[in-house]
Each structure stands twice: as C-alpha cells, then as structure tokens.
Amino acid sequence: MKELSKLASAVRASTTIAIDTKFKTLQAEGKDVIGFGLGEPDFDTPEHIKEAGIQAIRDNKTKYTPASGTPAVKKAICQRLKEDWGLDYETTQVTVNAGAKHILYVALKTLVNPGDEVILPAPYWVSYYELIKMVGGVPVVVDTTEESGFKMSADQLRAAITPKTKALIFNNPSNPTGMMYSKEQQEAIAKVCVEADLYVIADEIYGKLTFDGKTFTSFASLGEDVKARTILVNGVSKTYAMTGWRIGFAAADQKIIKIMTNYLSHCISGTSPISQAAAVEAFAGSQAEIETMRATFEERRNYLYERMNKIPGVHAVRSEATFYMMMSMEDLVGKTLYGVEIKDADDFSDVFLDKGGVAVVPCTGFGAPYFTRWSFAVSMETIKEGLDRLEKFLAGAGVE
Ligand SMILES: Cc1ncc(COP(=O)(O)O)c(C=O)c1O
C-alpha cells in the first residue's frame, strides 16, 4: 500500500490523552480517583440559551446556513465585540464555525505557506503546535519563565523573527498558565508585530474569565494597524459553558475572512443552525450568568492557590484568568517517589494518579516539562479532596 500523508502522519495525539485514558480506565474499574484535567466549565449552559436552541428546532431551523454563519449570529457577534472591547467589525468581517479550534486551523491554513514560521510562546496550549504543523508551517517556540510570569517580552519576540516568520499565535489569557498580558505589555508586542509585518492570531477565548478585578484588553483594540493584521478568535465554549454546541468565530480583515469562508464552505459548510441560534442568544441576551460563573472560578482559584502553596515540595503559579492553575513540581525532579524516579511532569502525573488517586495534566506537551495543570472547573469539594490527597501523597513519599 502506498504511503499515507506525511503531514497527517506527523500529527501527534494529544499528550494529555495518556493520563486521561489511564484516569478513565481506573474510574471504569471502580477505583477511587478524581480528575483535574477538564478543559471545560462544569456549569450547565444557561437556561435562556438552551431555550433558544430548543426553539430553533421547533422553528425548523434545521437546514444548511451560509458557510460564514447566519446573518443573525454574525450581527450578534459584532455587537458583542463592540460592547465588550470597543471593536468595530462589519458582519462581512466575521466567520462562524464549529468551535474556535477549527477556526484556528482555518486561520492558519489561510496565512501559512509550507515552510513559513509561526511564533508560539511557551507554555502553549497543546493543539497550537500540532495545528501549525498540520498546515505545513514550522512552529518556533519562544520559552518564557515563571519569573517573567510566563510572558513573552517584545525583545524575545523580536529575537525569534526571521525572514520566514509569517505569524504569531497570541493566546491571552493563556491556557495553561492562566496569566494575562496587560494593555502595555500587549502594546509592546503589537509594535514588534507591526514593524516586522506579522499576522497575529489572537485567541481570546478566556477573555471574560479574569480575576482580581483585572480587565482584559483585546489585541485588535490596540490600533487600526494592529487590527488590520489580527485574526481575533473567540467562541461560546468557555464564556457561556457551551463546549458541546461547537461555535467559534474569527473577526478579521474582510479579505482574510473571505478566504477562510471559502475554505470552510468546502470542508464543513456552516455549523449547526441550532447552535447558531443558541449563540445569538448567548451573545445578544443577558450576560448576567457569566459573572456568576467567573466569580465561582475566582473563589476556587483563591482556595487552590492558597492551599497548594502551603504544601511542601510544590508551589502554585497564581493564575489571573481562565480556570487553570499551574503547579510547579520542579523541586521534585531527581527525587524518587514511591519507587519512581521523577524526571518530569509526565512521571509525576503518572505516579500521582497511581498512588495518590488524582489525575492532573502534565505540561510536558505544553512546553513546560516541570509543571502540571490543574483545571478548577470542578466543585470546591473536589478541589479540597484533591489537595488533601496531594498533601498525603507527598507526605507519604517523604516530602516534608
Ligand atoms: C486556548 C484555547 N483555544 C481554543 C480552544 C477551543 O475551543 P472550542 O471549544 O471553541 O473549539 C480551547 C479549548 O480548550 C483553548 O483552551
């Protein structure tokens, strides 16, 4: 048989899958294990949004829609972007499809020719790296440190640029670190992007889930020259607890949106009209429940951070947004826990699940090999139990 596609064969399965598969196997065997791996809100989709979806079925909105989304959902997105971040987009500058993940893929497909470099600050969300490869691009990783709050400086960005650099993927606030760039920090980054003529894919899917009274600044709002080169990516998954509805969108220059839409028209057509109708209600209806969810995440973040930092051997990195917190296990590297030599977060997560009964995501595949990611999209009881287990696990291994 002939060889399969080299590009497709090079795509790696998510590194989080190994621990998740093990977690689910143990759970199915009836073992007492708890998990912090979830990348989705544990809340139900708000009632008024669900009702809009149900009504759409009753109204027989069950046919194909335009490939870029219904006029109603694009109008609601434009209104939301204006209200939230002061951004002016026409509906012709928006394309809607089946989740931000797919939108990211098509955005990269639109920008990248084979061999083009795409800058990716680490730690990064695991899918970006593979998505860049999937379109024939070359990921250029810029490492950041805990000391710098896991933020890439303008100088670091400048140093990573070569004649082949086409774009920057700028995920703010960040999965997995939970950090958020200030307006001033973004301005410095934007200046370099304009000078070097880079496109920016600004993934702002966690922009509404910020803590400590901090306000988020959308990258495209930094100026017309910045907006012109930015593909703003967002969706309903995280803000409205709608991961399964599969709605994501891009807002950008009309020429970019046209190419993205052409591409989408051939590989998916529009996404579900039922989901689009629900998204109209999400974007245009009451926003009150976002604050309830955000405040709950902040309460959990506070507890997780305070308590984790009292546990010897590890420390937490205080997240400023999202529903993730990084835990450093660097001090355990080189130690032996329950007979296992700990070389990185993969080893730690494996033995923590085996002996501690807790699944956390190793950030080895996120470009941060000595950190684990804890999602606090779980109940406070689970968080408490997880930390009790962490304490016991480390004390039992002799880490005091
Ligand atoms: C940073 C980031 N971008 C995009 C996505 C994908 O979102 P969607 O559900 O809209 O595909 C995720 C989901 O985990 C994410 O963490």
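Residues numbered from 1 in each chain as written. Predicted model: local features only at pLDDT ≥ 70, side-chain atom pairs only at ≥ 80, totals over all residues. Heavy atoms only, no water.

### Overview of the overall build of the chain
Next up, step 1: Within the chain, the regular secondary structure consists of 14 helices and 15 strands.
Next up, step 2: Against the compact-globule benchmark of 21 Å for 400 residues, the chain has a radius of gyration of 21 Å, which places it among compact chains.
Next up, step 3: Considering the chain as a whole, with its 400 residues, one finds that 54% of them fall into the buried category.
Next up, step 4: Counting contacts in the chain only where the partners sit at least 6 residues apart, residues at least 24 apart contribute 74% of the total.
Next up, step 5: For the chain, the computed accessible surface area is about 17,100 Å², with 52% contributed by carbon and sulfur atoms.
Next up, step 6: Here the chain contributes 44 positively and 51 negatively charged side chains, and the mean placements of these two sets differ by 5 Å. (Helix = DSSP H or I, 4+ residues; strand = E, 2+ residues; numbered from the N terminus. Rg over C-alpha atoms; globule rule 2.2 N^0.38 Å. Buried < 20%, exposed > 50% of the residue type's maximum accessible area, 1.4 Å probe, protein only. Contact = heavy atoms within 4.5 Å. Areas by Shrake-Rupley, 256 points an atom, 1.4 Å probe, with all protein chains shown as cover. Lys, Arg positive; Asp, Glu negative; His and termini not counted. Charge placed at Lys NZ, Arg CZ, Asp CG, Glu CD.)

### Here's the deal with the nonpolar core
Next up, step 1: Phe-348, Trp-374 and Leu-390 are the most contacted members of the largest nonpolar core, which totals 98 residues.
Next up, step 2: Of all the elements, helix α5 (residues 100–111) adds the most residues to this core, at 8 residues.
Next up, step 3: No fewer than three residues from each of domain 1 (6–44 + 289–396) and domain 2 (48–285) sit in this core.
Next up, step 4: With sequence-adjacent residues up to four places away left out, Phe-348 is seen in contact with Met-327, Met-329, Leu-332, Leu-337, Ile-342, Thr-372, Leu-390, Phe-393 and Leu-394.
Next up, step 5: Counting residues in hydrophobic clusters, the runner-up holds 26 residues, among them Val-73, Tyr-240, Ala-279 and Ala-282. (Core = buried A, V, L, I, M, F, W, Y, C linked by side-chain atoms within 4.5 Å. Domains from an automatic or database assignment.)

### Remarks on the site of the ligand
Next up, step 1: The immediate surroundings of the ligand are formed by 13 residues, with Ala-100, Asp-203, Tyr-206, Ser-237 and Lys-238 found nearest.
Next up, step 2: Within the side chain of Asp-203, one N or O atom sits 2.6 Å away from a nitrogen atom of the ligand.
Next up, step 3: Contact with the protein chains hides 92% of the accessible area of the ligand, taken as 390 Å² for the molecule alone.
Next up, step 4: Tallied by class, the residues present in the shell around the ligand amount to 5 nonpolar, 4 polar and 4 charged. (Near = heavy atom within 4 Å. Polar contact = N/O pair within 3.5 Å; in protein donor to acceptor, adjacent residues only side chain to side chain. Nonpolar A, V, L, I, M, F, W, Y, C, P; charged D, E, K, R; others polar.)

### Topic: α5
Next up, step 1: Here α5 contains 12 residues, and its C-alpha end-to-end distance of 16 Å stays within 8% of the 16 Å for a straight helix at 1.5 Å per residue.
Next up, step 2: Restricting attention to buried positions, one finds in α5 the residues Ala-100, Ile-103, Leu-104, Tyr-105, Val-106, Ala-107, Leu-108 and Leu-111. (Expected span 1.5 Å × (residues − 1).)

### What to know about the packing of helix α13 (residues 345–356) against helix α14 (residues 380–396)
Next up, step 1: Put simply, α13 and α14 touch, their axes get as near as 10 Å, and they point 100° apart. The angle between α13 and α14 falls in the class roughly perpendicular. Along its contact with α13, which presents Phe-348, Val-351, Phe-352, Lys-355 and Gly-356, the element α14 presents Arg-389, Leu-390, Phe-393 and Leu-394.
Next up, step 2: Residues that form the contact of α13 with α14 fall into these classes: 6 nonpolar, 1 polar and 2 charged. (Axes fitted to C-alpha atoms, helices over the stretch in contact; angles between N-to-C directions. Parallel < 35°, antiparallel > 145°, perpendicular 65-115°, else oblique.)

### Side note on the sheet that holds strand β14 (residues 361–362)
Next up, step 1: Reading across from one edge, β9-β10-β15-β14 is the order of the 4 strands in this open sheet, with antiparallel pairing throughout. Where the open sheet ends on each side, the last strands, each with one partner, are β9 (315–317) and β14.
Next up, step 2: Packed on one face of the sheet, helix α12 (residues 288–308) meets β9, β10 (324–328) and β15 (371–375) and runs near 5° to β10.
Next up, step 3: Running at roughly 50° to β15, α13 makes contact with β10, β14 and β15 of the sheet. (Pairing = 2+ DSSP bridges.)

### Things to note about the domain arrangement of the chain
Next up, step 1: The domain architecture assigned to the chain consists of domain 1 (6–44 + 289–396) and domain 2 (48–285).
Next up, step 2: Centre-to-centre, using C-alpha coordinates, domain 1 lies 26 Å away from domain 2.
Next up, step 3: Contacts between domain 1 and domain 2 engage 37 residues on the former and 37 residues on the latter.
Next up, step 4: Taken as a group, Ile-290, Glu-320 and Phe-366 account for 23% of the area that domain 1 buries against domain 2, more than any other trio of residues on that side. (Buried area = accessible area lost by both parts, 1.4 Å probe.)

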